[in-house]
Amino acid sequence: MAPDLLAGRWSIDPAHSEVTFTIRHLMTTVRGSFPDFRGEIRIAEDPLESSAGAEIAMGSIDTRSAERDAHVRSSEILDVGRYPSMTFVGTGVERATIGRRARHPRYHLDGDLTIRNVTRPVRLLVEFHGVENDPWGGTRAGFTATAALSRRDFGIEFNVPLQGDKVMLGETIAVQLEIQAVLDAPAGEYGAF
């Protein structure tokens, strides 16, 4: 399965990780990121019993436009004054049946995502890139995870009607996570989430 992935608690390294997204805007795609986040991965002896959790600061959103970011932070969209963070708590892991020809092993990570105090189940497709020792004596694991979310599922209804039945913003948000995690404690040296 993932023989190099040691059981234990792994902390996500934000300096070497990214939380990014895309959404359709008019006839193009807008890209953005949330640079302020933290999380950890708990790898069990049986990797299919592993779990993960993360918290993302909604106010850190960056779409490369200060005016747009201010609007997205407002009560019309994310309402970061009332809901400063989004959280993810993993609920299960299973082998992915898609991507069998992929270079790296793939898994589904199911979990509960909370945005604006609304919690919905989400399934991430996770690709495991392996484990390496870093130059500072640490052990690192690499992952890429993707998901497609409906913004309306989380109560984000804002839109601007255009001609005909068109609207300014797309319904689906594509999320991509590039994660480096550092082994903090081998199995048996940590408690539960």
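Calculation criteria
- Residues numbered from 1 in each chain as written.
- Predicted model: local features only at pLDDT ≥ 70, side-chain atom pairs only at ≥ 80, totals over all residues.
- Heavy atoms only, no water.
- Phe/Tyr/Trp six-rings, centres within 6.5 Å; stacked < 30°, edge-to-face > 60°.
- Helix = DSSP H or I, 4+ residues; strand = E, 2+ residues; numbered from the N terminus.
- Buried < 20%, exposed > 50% of the residue type's maximum accessible area, 1.4 Å probe, protein only.
- Polar contact = N/O pair within 3.5 Å; in protein donor to acceptor, adjacent residues only side chain to side chain.
- Salt bridge = Lys/Arg side-chain N within 4 Å of Asp/Glu carboxyl O.
- Contact = heavy atoms within 4.5 Å.

### Remarks on the packing of aromatic side chains
- One pass over the structure, following the stated rule, counts two aromatic pairs.
- Ring centres of Phe 21 and Phe 34 lie 5.6 Å apart, and the angle between their planes is 40°; on these two criteria the pair is classed as tilted. Of this pair, Phe 21 sits in strand β2 (residues 18–25) while Phe 34 sits in the loop between β3 (28–33) and β4 (37–43), placing them 13 residues apart in sequence.
- Residue Phe 21 is classed as buried on the basis of its relative accessible area, which comes to 12%.
- By relative accessible area, Phe 34 is classed as buried at 8%.
- Where Phe 128 meets Phe 143, the ring centres are 5.5 Å apart and the plane angle is 40°; that geometry is what we call tilted.

### Here's the deal with the side chain of Arg 42
- Looking at the element boundaries, Arg 42 is found in strand β4.
- Of the polar contacts made by the side chain of Arg 42, one reaches the side chain of Glu 40; its length is 2.5 Å.

### Some points on the pattern of salt bridges
- For the coordinates displayed, the defined rule picks out ten salt bridges.
- Asp 79 serves as the salt-bridge partner of Arg 82, at 3.6 Å between the closest nitrogen and oxygen.
- Looking at Arg 82, the relative accessible area reads 60%, which means it is exposed.
- Among the residues examined, Asp 79 registers a relative accessible area of 10% and is labelled buried.
- Residues joined by salt bridges that share partners form a network here, namely Asp 13, Asp 134 and Arg 140.

### Describing unusual backbone geometry
- One non-glycine residue, Asp 79, adopts positive backbone phi at about 55°.
- Mapped onto the elements of the fold, Asp 79 is located in the loop between α1 (66–73) and β6 (85–95).
- The phi angle at Asn 117 is positive, at roughly 65°, despite the residue not being glycine.
- Inspection of the secondary structure assignment puts Asn 117 in the loop between β7 (106–115) and β8 (118–133).
- Residue class for Asn 117 comes out exposed when judged on its relative accessible area of 64%.

### Some words on the environment of Val 72
- Structurally, the position occupied by Val 72 is in helix α1.
- Those residues in contact with Val 72 that sit more than four places away from it in its chain are Ile 61, Ile 77, Leu 78 and Asp 79.

As far as function goes, none of this settles anything; it's purely spatial.
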